[in-house]
Amino acid sequence: MDFELTEEQRLIRNMVREFAENEVKPIAAEIDKNHRWPEETIARMRELGILGLSIPEEYGGSGGGTIAYSLAIEELSRVCASHGAILAVHIGAINSIRLFGTEAQKKKFIPEMASGKRIACLCMTEPGAGTDASAQRTRAVRDGDRYIINGGKIFITNGPVGGTYVVLCMTAPEKGVKGISAFIANRETRGLKIGQIEEKLGIRGSVTSEVFFEDMAVPAENLLGGEGQGFKVVMKTLDIGRIGMASQAVGIAQGALDAAVAYVKERKQFGKPIAANQGIQWMVAEMAARIEAARLLTRKAAILCDQRDRISLEAAIAKLTASSTAMDVTVKAVQLHGGIGYTTHHPVERFLRDAKITEIYEGTSEVMKMVIAGSVLA
Ligand code: COS
């Protein structure tokens, strides 16, 4: 494994880092407090090509592969996990079309998403279909040269601001998992409605909502990957998404460590910086070691993702490890700050709240263990 980034990857990381430090960090606490979608920084991400990272240039993206996607999410999440979530889910939904779309679908839908003109979302979760993604109740019924879709989704990241939606539906309930199909629908499709917007513990700058479909007619040419292929479409898409979420977890943990290091060097008790105490040093060392391990597993999954067809195991190991690292490191970062860490005067309480979602979305830690055990015991 080559540990060095290429010149192009270094340039992408540095560009996103500079943008994150100069433009995202100053608004991170405010968008969290107000649950506000950061239109101004999303506009800048459009200009900088960040919303098209890892998408091939022939479809209007900025290229860079999965490593660029991972680096960008890590750098954004280091200062604001909401921005990391917005980007991860946007690119994730585009990936489903990049991987399974026909040439005509790719040409029609990807450029507007890769340029950031349309924000993308993946509509999969339902009240009864969370971890059991196969229990889809949203129905798509063929009607001549179109499908009529009825049903509803919950917890859809980017839902209220979406421009293009990839929607998982049941087309043949009697076939179970093999009766699920995926469809592409643009926001203006009649019958597509946004429901309640959630108030969340963390990643509050990324908006999450219900999305409903009421007699929504989509042309049959918007069927993604063929009838019955929907489960594979989302599972494969989620494998890459899990690398994105692992990258987000690494970024959150790194941001928390950065804040803790600055604080323990500056905070004096008993006449010396608290960093002079061995107990503090050991905590910092454990945090740094866990982050590096999580980052390497995430990097490995990202590298293999561009080389192999199936990376479910590597992505699950990376996400499981990185998300538990983010929880552990952010709890320690709050502890190292003492009382002030429990307030909004420092960003560590936000990092702690943001870290929790990485153990839940795009597959819980328990699902990651199912995937890992399934592979190890096969
Ligand atoms: N890539 C490609 N194909 C995949 C796949 C993947 N990652 N995972 C499963 N498949 C295929 C299988 O190969 C199988 O097809 P065949 O019968 O043709 O071989 C089919 O899909 C069913 O696979 P499997 O039986 O393993 O599916 P399960 O229902 O057992 O899946 C888990 C179980 C829990 C792993 C799955 O439902 C899952 O990941 N759930 C979590 C969903 C999630 O992440 N939700 C969060 C949404 S985003 S907030």
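Draft legend 1. Just the pattern of salt bridges, in detail. The full count for this structure, using the stated rule, is 28 salt bridges. Taking the shortest distance from any N to any O, the salt bridge between arginine 10 and glutamate 7 comes out at 3.1 Å. Here glutamate 7 and arginine 10 lie together in helix α1 (residues 7–34), a separation of 3 residues that amounts to about one turn. According to the relative accessible area criterion, arginine 10 is partly exposed, its value standing at 31%. For arginine 78, the salt bridge goes to aspartate 258, with nearest N and O atoms at 2.8 Å.

Draft legend 2. Representation of the nonpolar core. By size, the foremost hydrophobic cluster in this structure holds 95 residues, and its most contacted members are Met45, Leu76, Leu87, Ile97 and Ile110. Considering each element in turn, this core owes the most residues, 16 residues, to helix α6 (residues 230–266). Contacts of methionine 45, omitting those with residues within four sequence positions, involve Phe19, Ile50, Leu51, Leu76, His83 and Leu87.

Draft legend 3. Focus on the pairing of strand β7 (residues 208–219). Sheet topology places strand β3 (residues 146–157) next to β7; 9 bridges connect them, and they run antiparallel. In the strand pairing of β7, tyrosine 147 is matched with valine 218. Bridge count for strand β6 (residues 192–197) against β7 is 4 bridges, and the pairing is antiparallel. Bridging across to β7, leucine 192 finds its partner in phenylalanine 213.

Draft legend 4. Main features of the packing of α6 against helix α7 (residues 278–305). α7 packs onto α6 with a crossing angle of 155° between their chain directions and a minimal axis gap of 9 Å. By the criterion of interaxial angle, the relationship of α6 to α7 is roughly antiparallel. α7 is crossed by α6, and the crossing has left-handed handedness. Touching Ile240, Ile243, Ala246, Ser247, Val250, Ala253, Gln254, Leu257, Ala260, Val261 and Val264 of α6 are Ile280, Val284, Met287, Ala288, Ile291, Ala294, Arg295, Thr298, Ala301, Ala302 and Cys305, all from α7.

Draft legend 5. Here's a closer look at the site of the ligand. Around the ligand, 22 residues are found, and the nearest of them are Thr131, Lys178, Asp239, Arg242 and Gly363. Between the ligand and aspartate 239 there is a distance of 2.8 Å, counted from a nitrogen atom to a side-chain nitrogen or oxygen. Side-chain polar atom of arginine 242 to an oxygen atom of the ligand: 3.0 Å apart, as the coordinates give it. Look at the ligand: alone it shows 1000 Å² of surface, and the protein chains cover 68% of it. Tallied by class, the residues present in the shell around the ligand amount to 10 nonpolar, 5 polar and 7 charged.

Conventions used here
- Residues numbered from 1 in each chain as written.
- Predicted model: local features only at pLDDT ≥ 70, side-chain atom pairs only at ≥ 80, totals over all residues.
- Heavy atoms only, no water.
- Salt bridge = Lys/Arg side-chain N within 4 Å of Asp/Glu carboxyl O.
- Helix = DSSP H or I, 4+ residues; strand = E, 2+ residues; numbered from the N terminus.
- Buried < 20%, exposed > 50% of the residue type's maximum accessible area, 1.4 Å probe, protein only.
- Core = buried A, V, L, I, M, F, W, Y, C linked by side-chain atoms within 4.5 Å.
- Contact = heavy atoms within 4.5 Å.
- Pairing = 2+ DSSP bridges.
- Axes fitted to C-alpha atoms, helices over the stretch in contact; angles between N-to-C directions.
- Parallel < 35°, antiparallel > 145°, perpendicular 65-115°, else oblique.
- Left-handed = near helix turned anticlockwise from the far one by under 90°.
- Near = heavy atom within 4 Å.
- Polar contact = N/O pair within 3.5 Å; in protein donor to acceptor, adjacent residues only side chain to side chain.
- Areas by Shrake-Rupley, 256 points an atom, 1.4 Å probe, with all protein chains shown as cover.
- Nonpolar A, V, L, I, M, F, W, Y, C, P; charged D, E, K, R; others polar.

Scope: geometric values only; no functional claims are made or implied.
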